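Single-letter residue listing:
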Amino acid sequence: MAVTTSSASAQSERQALVKACVSRDWSKAIRILNSLLSQACTVQDICNRAFCYSKLELHKHVIKDCEKALELDPYNIQIYILKGHALAALGKGYDALQTWKQAYASVLDQSVDLKQLLELQDLLANSKDDSSVVSDGQIAESPKDPPSSMTSSSNSTCKSPVKTVEREKPLQRENAVASQLTQKTRSISLDLRLSRGIAQVNDGNYDQAIAIFNQILRDNPSSSEALIGRGTAYAFQRKLDIAIADFSKAILSNPTTGEAWKRRGQARAALGESLEAVKDLTKALEFDPNSSDILHERGMVFFKSKDYIDAVADLDTCVRLDKDNKSAYSYMGLALVSVGEYKRAFEAHEKALQLDPNFKEGWCHMAQSYQELAEAEKAVECLQRALSIDRRFVNAYRLLGLLKHGLGDHKGAIRELSAGLEFDKLNLECLYLRASSHHAIGEYANAMKDYDAVVNMDIDSQEKFVLQCLAFYQHRMAGLAAIEVAQKVSSTWQALRKTLISRSKSEAKGGKRSKKKERNNVISENRGGVCCSTSSSSDTSSSCNCHEEKSSSERFTLSWEDVYAIAVKWRQVSEPCDPVVWVNKLSEEFNTGFGSHTPMILGQAKIVRYHPNFDRAFAITKNLMLERKEVYNAANNLVDLSNPAKLEAIEAARSCCDLFGTVNEDFWIVTPCYSTAFEGNRSMDWVSSSSESGLRYKFLLSLL
């Protein structure tokens, strides 16, 4: 029974040893081997422990274990190889060479592992100089000392020059061999340390990885591999500027290292430096044109910078090279929705989820596409599916909160966002959106608390900086708007209260007034609402306090502007992300051009609600340009288009980009719209305009 228990324990330890080695936990592996060796001392376990020590660069322990193993098995080539590497790592290149020579000489007439024998022969072959160390399977013997007859007599003060040279040759040869061997073994040691550092990065032990790469760079400051490794560790720690500096040094050290260009592109993309990121990733593709990984990265950068057409091109090429890349399929679906290719978009989403039904990010991306198409119920189903996979998935809670906020369910949005913040208390997007939801239902104290958290947060990207600026503005709006509304309501209530008290006293003295007379005394100033106002900004929204000075016999009244001012102010408070302004308080220049702007294309994104009208509007715009041969630029100056070449280009235009190229500046054109109820009556004007910002085009119609 005891033997069976011991056997089961040893078997369990063997399994644990394999797991420790697979996970690169060499310290744990050594502890397990110590336990096994205490039960039974075997050569293989000693060799395995020496190997684990070598991974931790504990070279003296390696040598000690190798010597112990050689006592048990003097013909084991693996032991000699390990010992030689350890000696070389300690700077004892000559001793390493002698160890490998001893191994080769001792195993030639033995039954040994041929693979290891060839490895040993390669080590010796790479360690020789012009003199052969290995020749026809034999070890070259070191030249013997010359015979005594070749030396000078005992009373000579110096040796013959010829004899001196002949005596020094063997030593020079051995030194050259040792030097070359040291370089070779140092290279091997460098590779091992690089592997160890990379393993630490992969395991998430970034500080340990950085320490290893620092040690390598002290010995070899221009090692591009170590610089890339350290930069990657810094990037995972979100120390992006330091990471970019390391990648840049690696590029200077070796400009043909595609990995350095790729890593720097990724880091720049994380900082929001899209143009620089695209340049680096494009350079990386020059060294590896068929890299699905780099195409995926560049496609992601294009997508985040709203260059959806290029994003689709890169991601489509990526999935052709790597048909199992679920992330590329998923992001391609989002990009295709933005350019209006809905069928292809959902085919891509479904392919991503077919590859991995538990791909939670894929379910969120599909939900975003459904949200763009205003299919809220399907979007909610997708997000609930993502949360069924991972209840701690904060992005799903964020998207649910965003969806409910958009549907006007602010309390529901607060619940979802609060649930997400339970798992990530510093999620900036969730905090900002929850603040906006509190703001919308008048919970100003909670709103300002969340706005404060956003404003005081450390940020690491341009997008987060924008949210921080918005939070700062909304924080002030929440406080000031709440105070202003409260003051207005308080002032109105006090005036009404004063009037009611006066009326009560008057009625007590003179009796009740007739209802008809009371109605005749009402001064009605509500004549058509805000859009009918012709007052200047100085007399708009006059204060209701002026009515408090009227005779107590008159009923208290509010002007239409006072009534609408409360509604406008409440709208400003309840919809903090939707600006509401008094049109008649704007400047006269702006007021004359103010209209209902209806974008159909923003950048490369096709606005789902209005884009079905694009083809018709685009055709009308082209016809007007061809008919009038002129348009207006942003400065409202005429731009002549009568040049035949320009007219041909307008006729051939198939996109906003083509049309913009015929004018080469922002422009607009207007056409009248005539009433169908009253023939010949011009009721309104429509303005068609096209503009460019970088590579993003905007096409819209405006109602004047």
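Notes on the structure in this doc start here. (Residues numbered from 1 in each chain as written. Predicted model: local features only at pLDDT ≥ 70, side-chain atom pairs only at ≥ 80, totals over all residues. Heavy atoms only, no water.)

This paragraph deals with helix 21 (residues 410-423). Compared with the 20 Å implied by 1.5 Å per residue over 14 residues, the 21 Å span of helix 21 between its first and last C-alpha is a close match. On its buried face, helix 21 sits against helix 20 (394-406) and helix 22 (428-440). (Helix = DSSP H or I, 4+ residues; strand = E, 2+ residues; numbered from the N terminus. Expected span 1.5 Å × (residues − 1). Contact = heavy atoms within 4.5 Å.)

With that settled, consider the pattern of salt bridges. Counted under the stated rule, the structure contains 19 salt bridges. Here Arg 263 and Glu 259 are joined by a salt bridge, their closest N and O atoms 2.9 Å apart. With Arg 263 and Glu 259 both in helix 12 (residues 258-270), this residue pair falls four residues apart, about one helical turn. The structure contains a network of salt bridges with shared partners spanning Glu 259, Lys 262, Arg 263 and Asp 293. (Salt bridge = Lys/Arg side-chain N within 4 Å of Asp/Glu carboxyl O.)

With respect to the helices, strands and loops of the structure, Asn 427 is situated in the loop between helix 21 and helix 22. For Asn 427, the side chain forms a polar contact with the main-chain nitrogen of Cys 430, separated by 2.9 Å. Apart from residues no more than four positions distant in its own chain, Asn 427 is found in contact with Val 394 and Leu 421. (Polar contact = N/O pair within 3.5 Å; in protein donor to acceptor, adjacent residues only side chain to side chain.)

Ranked by internal contacts, the top residues of the largest apolar core, which has 72 residues, are Phe 213, Phe 303, Met 332, Cys 364 and Met 366. In terms of residue count, helix 16 (residues 326-338) provides more of this core than any other element does, eight residues in total. Not counting residues up to four positions away in its chain, the partners in contact with Cys 364 are Leu 383, Ala 386, Phe 393, Asn 395, Ala 396 and Leu 399. Listed in part, the 28 residues of the second largest apolar core include Leu 33, Cys 52, Ala 69 and Leu 70. (Core = buried A, V, L, I, M, F, W, Y, C linked by side-chain atoms within 4.5 Å. Buried < 20%, exposed > 50% of the residue type's maximum accessible area, 1.4 Å probe, protein only.)

Moving on, we come to the packing of aromatic side chains. Taken as a whole and judged by the stated rule, the model has eight aromatic pairs. Centroid distance Tyr 632 to Trp 668: 4.6 Å. Interplanar angle 15°. Geometry classified as stacked. In this pair, Tyr 632 is assigned in strand 5 (residues 630-633) and Trp 668 in strand 7 (residues 667-674), connecting sequence segments 36 residues apart. In this structure Tyr 632 comes out as partly exposed when scored by relative accessible area, which is 30%. Since its relative accessible area comes to 24%, Trp 668 is described here as partly exposed. Connected via pairs of aromatic rings, a cluster forms that spans Phe 303, Tyr 308 and Tyr 331. Sitting over the face of the ring of Trp 261, Lys 283 holds its NZ or CZ atom 5.9 Å from the ring centroid. The side chain of Lys 360 reaches across the aromatic face of Phe 393, ending 4.8 Å from its centre. (Phe/Tyr/Trp six-rings, centres within 6.5 Å; stacked < 30°, edge-to-face > 60°. Lys NZ or Arg CZ within 6 Å of the ring centre and 35° of its normal.)

Glancing now at the pairing of strand 5. As judged from the three bridges shared by strand 5 and strand 6 (residues 638-640), these two strands associate in the antiparallel manner. Each bridged residue has a counterpart across the sheet, and for Val 631 the counterpart in strand 6 is Val 639. Where strand 5 hands over to strand 6, the hairpin turn is made up of four residues, of which Asn 636 adopts a positive phi near 65°. (Pairing = 2+ DSSP bridges.)

If you walk through the whole model with that rule in mind, you get zero disulfides. Note on Cys 52: no disulfide assigned, nearest cysteine sulfur contributed by Cys 21 at a separation of 4.7 Å. Overall, the relative accessible area of 2% leaves Cys 52 in the buried class. Cys 657 takes part in no disulfide bond, and the closest cysteine sulfur to it belongs to Cys 656, at a distance of 8.7 Å. For Cys 657, a relative accessible area of 39% translates into the label partly exposed. (Disulfide = S-S within 2.5 Å.)

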